[in-house]
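Take a look at the letters that make up each chain.
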Amino acid sequence: MDAGLRATAGLGRSLMVKRQRGILDAIGARVGTKVVYLKAAWADPVLYSGLGERWGVDIDVLVEPRAFDAFAAELRAHGFRGDRLLAHHALRGLPFRAPADLIDVDLHRALGPRPWFPLDDERLLERAHAWDSVDGPIMGLCAEDQVVHAVVHYAGARFTLDDRHLGDVFRLLARQAVDWQAVIRTCADAHLTIALHVLADMLRRRGGKVPEIPLATAERLRVDLLRRLFNLGGERRVWTTGHVANIRVELLALLPLLSTRTSALPRFLASAVAARLRKTSSTSVDAVL
């Protein structure tokens, strides 16, 4: 596809997302929750001039947990299809397949994958605010929590993601100042300090002006081990072939090293056993947590 066709397709996609934000905002008003747009749905109009340069396969939104079920019911009433069997109380979110004229929605009630990175999602929602954009005001996480979200997004995916979300943070930092002490505190509370350190290094390699993230001696040893075993934050990732065995290695080796929560692995194993006993074969352990 040549540049002209890509630009036309991108703009068309951006206009579709804009139209759908109106639908989602109306649902939020009916069920009484903020609708906070994440990743491409926020970044494209706010950071990329709304031209569809920042493409997302779906529209990610964060809503208040108490309104999650009502919001999901409204989506179904609009023709979206979400698996009711996956609507477990521990799930962070639920994907919805859109009808033909709309875009899929990934509905979140939490961002931090537990037990590894227990973010205080209520505080994130409280701090969210409307951002100016080419499409008018768009509700998004505050600047500091945009950085935190990128950290937990990469950490939860074991740093196997592409660079799109990293690029969003890079553009954000070029646009405005961020209170890094607030970012460090939020990440420390969610046991994300090591992940923040890794992401900060990735941003600096792009030329981002990011301060050094202080680590304790034991945390530095973990970072060294993660880089040796998994090349974490590097160009090549050793364990990301997609095979189930490798994913299990990452869950039982990478995440316990990446999370600073000492009780995370025992909690994870206990939840895995409980899920097996409940015979929740329709959800994976990774999704449940």
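Residues numbered from 1 in each chain as written. Predicted model: local features only at pLDDT ≥ 70, side-chain atom pairs only at ≥ 80, totals over all residues. Heavy atoms only, no water.

1. A closer look at the overall build of the chain
1) Next: Broken down by element type, the chain carries 12 helices and six strands.
2) Next: Residue pairs at least 24 apart in sequence account for 65% of intrachain contacts in the chain once pairs closer than 6 positions are excluded.
3) Next: For the chain, the accessible area works out to roughly 14000 Å², and carbon and sulfur atoms hold 55% of it. (Helix = DSSP H or I, 4+ residues; strand = E, 2+ residues; numbered from the N terminus. Contact = heavy atoms within 4.5 Å. Areas by Shrake-Rupley, 256 points an atom, 1.4 Å probe, with all protein chains shown as cover.)

2. Quick notes on a nonpolar patch on the surface
1) Next: Taken together, the side chains of Leu11, Leu15 and Leu51 define a hydrophobic patch exposed on the protein surface, amounting to about 280 Å² of accessible area.
2) Next: Structurally, the position occupied by Leu51 is in the loop between helix 2 (40-47) and strand 2 (59-62). (Patch = residues over 30% accessible without salt bridge, like charges linked within 9 Å, V, L, I, M, F, W, Y side chains within 5 Å. Salt bridge = Lys/Arg side-chain N within 4 Å of Asp/Glu carboxyl O.)

3. Observations regarding the side chain of Ser14
1) Next: Here Ser14 is to be found in helix 1 (residues 3-31).
2) Next: Of the polar contacts made by the side chain of Ser14, one reaches the backbone oxygen of Gly50; its length is 2.8 Å.
3) Next: With sequence-adjacent residues up to four places away left out, Ser14 is seen in contact with Asp44, Gly50, Leu51 and Gly52. (Polar contact = N/O pair within 3.5 Å; in protein donor to acceptor, adjacent residues only side chain to side chain.)

4. A short note on the nonpolar core
1) Next: Leu107, Phe159, Leu192 and Leu258 are the most contacted members of the largest nonpolar core, which has 83 residues in total.
2) Next: For Leu107, the contacting residues outside a window of four places in its chain are Val61, Val63, Phe68, Phe71, Ala72, Leu75, Arg92, Gly93, Leu94 and Phe96. (Core = buried A, V, L, I, M, F, W, Y, C linked by side-chain atoms within 4.5 Å. Buried < 20%, exposed > 50% of the residue type's maximum accessible area, 1.4 Å probe, protein only.)

5. With respect to the environment of Ile23
1) Next: Tracing the backbone through its elements, the reader meets Ile23 in helix 1.
2) Next: Look at Ile23 and you get partly exposed, because its relative accessible area is 22%.
3) Next: Each C-alpha atom of the pair Ile23 and His78 lies 9.3 Å from the other, and the pair is 55 residues apart in sequence.
4) Next: Excluding residues within four positions of it along the chain, Ile23 makes contact with His78 and Leu102.

6. Focus on helix 2
1) Next: With respect to burial, helix 2 is a largely interior element, eight of its eight residues being buried.
2) Next: Once helix 2 finishes, Ser49 follows within two positions and takes phi at roughly 70 degrees, a positive value.

7. A word on the confidence of the model for the chain
1) Next: Counting all residues, the mean pLDDT for the chain is 88, and 86% of those residues have values of 70 or more.
2) Next: A low-confidence stretch, residues 236-242 (pLDDT under 50), is modelled with 17 contacts involving residues beyond four sequence positions or located in other chains.
3) Next: Note on residues 280-289: pLDDT is under 50 here. Beyond four places in sequence and across chains, it has 18 contacts. (pLDDT = per-residue confidence, 0-100.)

8. Section: the packing of helix 5 (residues 143-156) against helix 6 (residues 164-175)
1) Next: Between helix 5 and helix 6, whose axes approach to 10 Å, the crossing angle comes to 160 degrees. With respect to their mutual orientation, helix 5 and helix 6 come out roughly antiparallel. Judged by the sense of rotation from one axis to the other, the crossing of helix 5 with helix 6 is left-handed. Residue-level contacts link Ala143, Gln146, Val147, His149, Ala150, His153 and Tyr154 of helix 5 to Arg164, His165, Leu166, Val169, Leu172 and Leu173 of helix 6.
2) Next: The residue inventory of the contact of helix 5 with helix 6, partitioned by class, reads eight nonpolar, four polar and one charged. (Axes fitted to C-alpha atoms, helices over the stretch in contact; angles between N-to-C directions. Parallel < 35°, antiparallel > 145°, perpendicular 65-115°, else oblique. Left-handed = near helix turned anticlockwise from the far one by under 90°. Nonpolar A, V, L, I, M, F, W, Y, C, P; charged D, E, K, R; others polar.)

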